[in-house]
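Residues per chain, in single letters:
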Number of protein chains: 2
Amino acid sequence: MTSAHRNYGRSLDLRRGCVDMTHGSGGRAMAQLIEEMFVRHLGNSYLRQGNDGAVLPNSAGRLVVSTDAHVVSPMFFPGGDIGSLAVNGTINDVAVMGATPLYLSAGFILEEGLAFADLARVVESMAAASEAAAVPVVTGDTKVVQRGKGDGIYITTTGVGVVADEQEYSGDRAQAGDRIIVSGSIGEHGMAIMAQREGLRFAAPIVSDTAALHGLIAAMRASGAAIRTLRDPTRGGVATTLNEIAQQSGVGMMLQESVLPVQPPVAAACEFLGLDPLYVANEGKLLAIVAPADADALVSAMRAHPLGRGAAIIGSVHRDSHHFVQMTTVLGGRRIVDWLTGEPLPRIC
Amino acid sequence: MTSAHRNYGRSLDLRRGCVDMTHGSGGRAMAQLIEEMFVRHLGNSYLRQGNDGAVLPNSAGRLVVSTDAHVVSPMFFPGGDIGSLAVNGTINDVAVMGATPLYLSAGFILEEGLAFADLARVVESMAAASEAAAVPVVTGDTKVVQRGKGDGIYITTTGVGVVADEQEYSGDRAQAGDRIIVSGSIGEHGMAIMAQREGLRFAAPIVSDTAALHGLIAAMRASGAAIRTLRDPTRGGVATTLNEIAQQSGVGMMLQESVLPVQPPVAAACEFLGLDPLYVANEGKLLAIVAPADADALVSAMRAHPLGRGAAIIGSVHRDSHHFVQMTTVLGGRRIVDWLTGEPLPRIC
């Protein structure tokens, strides 16, 4: 993302202007867009270097790199937008690896005709999320595709962090006896998107839970609990994430439906649309697998953090050569909580 | 990019199958696509970790991070495809910062209906480029968008590298008297794409120059030449890149048209289409600004490397408060080589 400080004549018309193909061509129009849109809002000393990449201080420890393409539709939704989601989502992917997130990069694919006003709103939202999380966007790239070859805006963010200690949270470390903890109520992001798409209205609107979880994770680490695995249950929801962990670790899991935290509007919207909140995406929640002796202390530590107030033990890990995730239902029966197989929620993140 | 090793029943039908919305939903179909397509071809120990990101050995030195969204159309072209381009382009962005490229991430945005055969061809090409460059793809993400919301495949790659010494190649270090060197003939990537789009045929077909330049750059560094700036002249071509450097460094530049290396088929195609090769994208060439005393030695070092055989001094840096890039033409006149202002070559990379 090169920014050459020069005079472009007229400034971008942020009220009525829109993206056209020249903004992706590598010339003056692109340089102006980068300077007046991206550098203006996201500006930091690294981004202002104006080279093909950023040169950054390193930190001791192993590197963690994670990337996510964001294609959420609609781009604005209650509680957030594609910009804050792209920042928080990638910070979370780095943080659940046990790393301190240091830097973000952002690659934008803009559709010809995107209003500058919408783009500015997204970039401002990214800037606010980046500042709140104290993780700067240090480099980026912008491409423009023709009308009908995109959908307003896609943002791929990559996060770089470091793991300073020997701690590692991997999906293959869950053991029989471990407890399964969720940091709060589930299904809010996905149902906020779905309710908006379907035009559903509730007395209490459903708001996306998009949030950066590295502060909560730092508090969890500081508790000293023997955490095996951390994961943010995004696409596919809690059910899919737990199936992945069960598979990686070669274990089974048993959930208790009665203790699953679901807000009433989310439960109502799920029932109306025939969805199961276990399969609905979250963007500000995490799952932790923890040694049984440390589970209560970890929940207490989580509840002391604003993003973990609703933390709860929702199940446990056991031996199972089939690696099934099952649930004891409120009616006392048991059911398999399988992987998501269909396509209930396209373009949720 | 989570890969849980499980049995999906039938394998992907690589001959007749295609991407559908379930491949982006976070469930079983996505896990299968990742395992049988991405992990199969790109597989390495990091990617096989199967977590939300990769934990990687760090190296001493400052970090360099660079990202590029790739939207080239058509996705296959003479000399390469969007996969090799996405690997080489980002390696080059890291390498021109003076860094040793270590790792790549890849975010895929797939359009519903993309043939698995095409996707496999792109991923195999990425794997070959990654292996040739010895820079592994360590983590990734896949999203699927509906028909008409994408164009087959977009790939955003992010590169991470380290600068082990104090050397820094920044766009703001060019000084009056410095020489401008290009590593070989210009305009091949852009004209390979344009010739294919326009259905032009030449006796000698124009082939993209896509290549990873970190080996050439290592040879240049080993020469000990006082290199100020390295840049790969992609979108906007040599003209735009030199204008950026002139602006960042606050200098003027003078090129010699008579020594600009342009292959005859590229010159012919440019003339036919009314394009100037100075504005046409390169994907395997670099520009170096170097202290005058070291210019000849640097050219010699470059010519000893397979990717620098056509290296040439094409101009010099001088004081100019207007920061103009100018050129002495073959007719002996002078003209301004301005920034690219129009839109000659959309979606070239």
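Residues numbered from 1 in each chain as written. Chains lettered and ligands numbered in written order. Predicted model: local features only at pLDDT ≥ 70, side-chain atom pairs only at ≥ 80, totals over all residues. Heavy atoms only, no water.

S.K.: How would you summarise the relation of the copies chain A and chain B if you had to cite specific residues and measurements?
M.R.: For the match of chain A to chain B, the screw axis carries a shift of 0.0 Å, the RMSD comes to 0.0 Å, and the turn is 180°. On this basis, the relationship between the two copies can be described by a two-fold rotation axis. Considering only C-alpha atoms, the part of chain A nearest the rotation axis is Gly 150 of chain A, at 2.3 Å. A share of 100% of interface residues in chain A that are also interface residues in chain B marks the association as one of identical surfaces. (Least-squares fit on C-alpha atoms with pLDDT ≥ 70 in both. Contact = heavy atoms within 4.5 Å.)

S.K.: Tell me what's going on with the packing of helix α2 (residues 82-95) of chain A against helix α3 (residues 116-133) of chain A, and back it up with residues and numbers.
M.R.: All names here are of chain A. Contact geometry of α2 with α3 gives a least axis separation of 6 Å together with a crossing angle of 30°. Regarding the angle of α2 to α3, the classification is roughly parallel. The interaxial crossing formed by α2 with α3 has right-handed handedness. Packed against α2, whose contacting residues are Ile 82, Gly 83, Ser 84, Val 87, Asn 88 and Ile 91, the element α3 presents Val 122, Ser 125, Met 126, Ala 129, Ser 130 and Ala 133 at the interface. (Axes fitted to C-alpha atoms, helices over the stretch in contact; angles between N-to-C directions. Helix = DSSP H or I, 4+ residues; strand = E, 2+ residues; numbered from the N terminus. Parallel < 35°, antiparallel > 145°, perpendicular 65-115°, else oblique. Left-handed = near helix turned anticlockwise from the far one by under 90°.)

S.K.: I'd like a rundown of the packing of aromatic side chains, residues and numbers included.
M.R.: Residues and elements named next belong to chain B. Within this structure, the stated rule accounts for 4 aromatic pairs over all chains. Aromatic side chains Phe 38 and Phe 108 sit 4.4 Å apart centroid to centroid with 40° between the ring planes, which places their arrangement in the tilted category. Placement of Phe 38 in helix α1 (residues 28-42) and of Phe 108 in strand β5 (residues 100-111) is noted, with a sequence separation of 70 residues between them. Across this residue pair, the class does not change: Phe 38 and Phe 108 are buried. A ring pair is formed by Tyr 46 and Tyr 103, whose centres lie 5.9 Å apart and whose planes are at 80°; its orientation type is edge-to-face. Of this pair, Tyr 46 sits in the loop between α1 and β1 (54-56) while Tyr 103 is found in strand β5, placing the two residues 57 residues apart along the sequence. Here Tyr 46 falls in the partly exposed class, since its relative accessible area comes to 21%. A cation over a ring is seen here: Arg 121 above Phe 76, with NZ or CZ 3.6 Å from the ring centre. (Phe/Tyr/Trp six-rings, centres within 6.5 Å; stacked < 30°, edge-to-face > 60°. Buried < 20%, exposed > 50% of the residue type's maximum accessible area, 1.4 Å probe, protein only. Lys NZ or Arg CZ within 6 Å of the ring centre and 35° of its normal.)

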